[in-house]
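Residue strings, one per chain:
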Amino acid sequence: QVHLVESGGGLVQAGGSLRLSCVASGSIIRINYMYWYRQGPGKQRELVAGITSGGDTSYADSVKGRFTISRDNAGTSAFLQMDSLKPEDTAVYYCNARILTLRPAKLDDYWGQGTQVTVSS
């Protein structure tokens, strides 16, 4: 059993910052990728940022230069530093990871429960 738990969401004024955390736990051998997605009110879920096990990162155009994704040395946690937040960043932010587990032995995608980010104007 694998669990992804996000934290760090909240209410912030436009121009402010938040740091989201995603911690993976369970029978984990390796985490290949970790992603942050978001789903705003009335919108489809969209990919925000991603990081590979080797540290390569990618970002949606809408957040480039404002958001930074990182991982801890153990590779089981991912972080999303969000600066210069805008009202349009308001959404539920989800962590997603491609994880190789020991029991059962498989490679699969896992999702966290989401954390709400609200940016006021």
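Our subject is the structure that appears above.
Quick look at the structure, then. (Residues numbered from 1 in each chain as written. Predicted model: local features only at pLDDT ≥ 70, side-chain atom pairs only at ≥ 80, totals over all residues. Heavy atoms only, no water.)

## Some words on the packing of aromatic side chains
Then step 1. Under the defined criterion, the tally for this structure stands at 3 aromatic pairs.
Then step 2. With centroids separated by 5.9 Å and ring planes inclined at 10°, the aromatic side chains of Tyr-33 and Tyr-35 adopt a geometry described as stacked.
Then step 3. Taking the relative accessible area as the measure of exposure, Tyr-33 reaches 36% and is therefore partly exposed.
Then step 4. Between Tyr-37 and Trp-111, the ring centres sit 5.0 Å apart and the planes meet at 55°, which makes this aromatic pair tilted. Of this pair, Tyr-37 sits in strand S4 (residues 28-39) while Trp-111 sits in strand S10 (residues 106-111), and the two are 74 residues apart along the sequence.
Then step 5. Note on Trp-111: relative accessible area 40%, which makes it partly exposed.
Then step 6. Grouped by ring-pair contacts, the aromatic residues Tyr-33, Tyr-35, Tyr-37 and Trp-111 constitute a single cluster.
Then step 7. Between Arg-45 and the ring centre of Tyr-94, over which it is positioned, the NZ or CZ distance is 3.8 Å.
Then step 8. For the cation-ring pair, Arg-45 lies above Trp-111, with the distance from its terminal atom to the ring centre recorded as 4.8 Å. (Phe/Tyr/Trp six-rings, centres within 6.5 Å; stacked < 30°, edge-to-face > 60°. Buried < 20%, exposed > 50% of the residue type's maximum accessible area, 1.4 Å probe, protein only. Helix = DSSP H or I, 4+ residues; strand = E, 2+ residues; numbered from the N terminus. Lys NZ or Arg CZ within 6 Å of the ring centre and 35° of its normal.)

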